[in-house]
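# A structural walkthrough
Next come the chains, spelled out residue by residue.
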Amino acid sequence: MPAPQPAATARWRVTFDTGQSFVVEGLAIVGRGPEPRPGEEVAHRVALSSSDMSLSKTHAQFQIAADGTLVVMDRGSTNGTTLIRQGAARALGARRPAALVDGDKVKFGDRTMDVVREA
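The structure contained in this document is the topic of the report that follows. Just so we're clear, the structure is a prediction, and the values are computed from it rather than from any experiment. (Residues numbered from 1 in each chain as written. Predicted model: local features only at pLDDT ≥ 70, side-chain atom pairs only at ≥ 80, totals over all residues. Heavy atoms only, no water.)

Here we come to the packing of aromatic side chains. One pass over the full model with this rule turns up three aromatic pairs. Taking 6.5 Å as the distance between ring centres and 40 degrees as the angle between the ring planes, the aromatic pair formed by phenylalanine 16 and phenylalanine 62 counts as tilted. In this pair, phenylalanine 16 sits in strand S1 (residues 12-16) while phenylalanine 62 sits in strand S5 (residues 60-64), placing the two residues 46 residues apart along the sequence. Judged by its relative accessible area of 0%, phenylalanine 62 falls in the buried class. By way of ring pairs, the aromatic residues Phe16, Phe22 and Phe62 are connected into one cluster. (Phe/Tyr/Trp six-rings, centres within 6.5 Å; stacked < 30°, edge-to-face > 60°. Helix = DSSP H or I, 4+ residues; strand = E, 2+ residues; numbered from the N terminus. Buried < 20%, exposed > 50% of the residue type's maximum accessible area, 1.4 Å probe, protein only.)

Along a regular strand, successive side chains alternate from one face of the sheet to the other. Residues of S1 alternate between two faces, with Trp12, Val14 and Phe16 buried on one and Arg13 and Thr15 left unburied on the opposite face. Relative to strand S11 (residues 111-117), S1 runs antiparallel, the two being bridged by five bridges. When the bridges of S11 are listed, tryptophan 12 appears paired with arginine 117. Judged from the three bridges that link them, S1 and strand S2 (residues 21-23) form a sheet pairing that is antiparallel. The residue of S2 that forms the bridge with valine 14 is phenylalanine 22. Connecting the antiparallel pair S1 and S2 is a turn made up of four residues, with glycine 19 showing a positive phi of about 100 degrees. (Pairing = 2+ DSSP bridges.)

Inspection of the entire model under this criterion finds eight salt bridges. Among the salt bridges present, the one from arginine 11 reaches glutamate 118, with a minimum N-O distance of 2.8 Å. Highlighted residues: arginine 11 in the segment before S1 and glutamate 118 in the segment after S11, separated in sequence by 107 residues. Residue classification places arginine 11 among the partly exposed residues on the basis of a relative accessible area of 39%. (Salt bridge = Lys/Arg side-chain N within 4 Å of Asp/Glu carboxyl O.)

The following block contains the structure:
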């Protein structure tokens, strides 16, 4: 009898309103000039311009959880992070992870990120 195959891992693609797009492969941090915490391993550093300075230096983070869910968390930014799901906006609490689903949009200050599950 063959060994059971591991469950297919979820592939999540994020696309920013700047045109930047990538498949999430580890911890991603986003902001005007995002810097990891000491000892923090970051796979993606997403530096975005902010015309009205509403985006913090290191605004938020996102990564794939062990169960394959894409999770976003505000890192204590000045202007907060907003989840937009099916047109309804909800402010996320600082340092409180929120699970994302295919089709969600996340607003970091004056920048937005679209979320697509590819697998």
